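Results of the structural survey
Residue strings, one per chain:
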Amino acid sequence: AANRTVAYLESMVGTHRPFFCCMSVSDPHSPYTNYPREYRDLLDHDSLPPIVGLEEPFEHRPIAHREERLHREERRKSPNPFASPETLVENRTGYHAAISLIDEQVGRVLSVLENCGFAEDTVVIFASDHGDMLGDHGLTQKGCFMYDACTRVPMIVRNPEGPSGAVYRSPCQLHDVAGTILSLAGFENDRIDRWMPDARDLLDADSLETRGYAACMYRNTTYFDPPLHTTMWREGRFKLSIYHSPDPESDHCAGELFDLEADPTEMQNLWNDPNHSDV
């Protein structure tokens, strides 16, 4: 992907035409051990984030969490094959080694932008579509789990005309990328609002702050029967996730509510807490 992107950028030199280029890479992705081994050596292994809540019980959690575990056991024909601490550590190491590879390739592209003379009038947006659980909360992959490990993805914008190093805490969403690109391309706000009424311009911090929330939805793939359907709402310090299907059994919650300021690792589900019923 980086080679094609570099070739495209170099082909635009001297054309004096605006361009749009999307570089898409599939890694990091399972199998997490499928990475060039030299990138493992770039990691500070002691600083890799530890597994959160590996032994967290499945009772009293949404039934979708148990279904993911059962689904994994059925497909792999062995009980919980990914859940040994040694295997999970190796998977997490491979995950971050793949990120090191992506870092290097993004650096190549940024250098070519500079060398081609495009850097001062090109906006660069870096994002990811999802994360992975990799053992957190006893779960191993992506899916209908709305923990930050899956839903809080990178979003970095390099705008030559904007402030350098600014950090905005307002939540944003991936479809804001499309709204931002349309705005940069010169489309009027009323047209963007008509096409994408929920999108905001990532270069307009006030617009993001005014909206003030982010939503995620998971609608079942072919993996689960009965299907799993989940919706998440993040606003302020709270994150609410509702599991629409399947219906919870007697010992399972219908959803999760987390106070991310008091509980950033999302271990204290406040769904049944009467003190948070209004929230």
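Just above, that's the structure.
As the structure is a prediction and not an experimental result, all values here were calculated from the model. (Residues numbered from 1 in each chain as written. Predicted model: local features only at pLDDT ≥ 70, side-chain atom pairs only at ≥ 80, totals over all residues. Heavy atoms only, no water.)

1. Quick notes on the overall build of the protein
The number of helices and strands found in the protein is seven helices and six strands. Counting from the amino terminus, helix and strand elements in the protein follow one another as α-α-α-β-α-β-α-α-α-β-β-β-β. The principal-axis extent of the C-alpha atoms belonging to the protein is close to 65 × 45 × 35 Å. Counting over 279 residues, the protein shows a buried share of 35%. If you take every contact in the protein between residues at least 6 apart in sequence, the share linking residues at least 24 apart comes to 59%. Across the protein, the mean location of the 25 positive side-chain charges is 5 Å away from that of the 46 negative side-chain charges. (Helix = DSSP H or I, 4+ residues; strand = E, 2+ residues; numbered from the N terminus. Buried < 20%, exposed > 50% of the residue type's maximum accessible area, 1.4 Å probe, protein only. Contact = heavy atoms within 4.5 Å. Lys, Arg positive; Asp, Glu negative; His and termini not counted. Charge placed at Lys NZ, Arg CZ, Asp CG, Glu CD.)

2. Things to note about the environment of Glu 10
Take Glu 10: it is sitting in helix 1 (residues 2-11). Residue class for Glu 10 comes out partly exposed when judged on its relative accessible area of 47%. For Glu 10 and Asn 115, which are 105 residues apart along the polypeptide, the C-alpha to C-alpha distance reads 9.3 Å. Discounting residues that sit within four places of it in the chain, Glu 10 has contacts with Val 112 and Cys 116.

3. Some details on the pairing of strand 5 (residues 238-245)
As defined by bridge partners, strand 4 (residues 229-235) adjoins strand 5 across seven bridges and the pair is classed as antiparallel. In the sheet register, Trp 233 faces strand 5, and the bridge partner there is Leu 240. Hairpin connection between strand 4 and strand 5: a loop of two residues separates the two successive antiparallel strands, and Gly 236 in this loop has a positive phi of roughly 60°. Pairing analysis gives five bridges linking strand 5 to strand 6 (residues 255-259), with the strands arranged antiparallel. (Pairing = 2+ DSSP bridges.)

4. Observations concerning unusual backbone geometry
The linkage connecting Asp 27 with the following residue, Pro 28, adopts the cis geometry, with an omega of 0°. Counting through the fold element by element, Pro 28 comes out in the loop between helix 1 and helix 2 (63-76). In this model, Ser 30 is joined to Pro 31 through a cis peptide bond whose omega is 0°. Relative to the elements of secondary structure, Pro 31 occurs in the loop between helix 1 and helix 2. Although it is not a glycine, His 60 sits at a positive phi angle of roughly 70°. Position of His 60 among the secondary structure elements: in the loop between helix 1 and helix 2. Among the residues examined, His 60 registers a relative accessible area of 58% and is labelled exposed. For Glu 266, which is not glycine, the phi dihedral falls at a positive 60°. Take Glu 266: it is sitting in the segment after strand 6.

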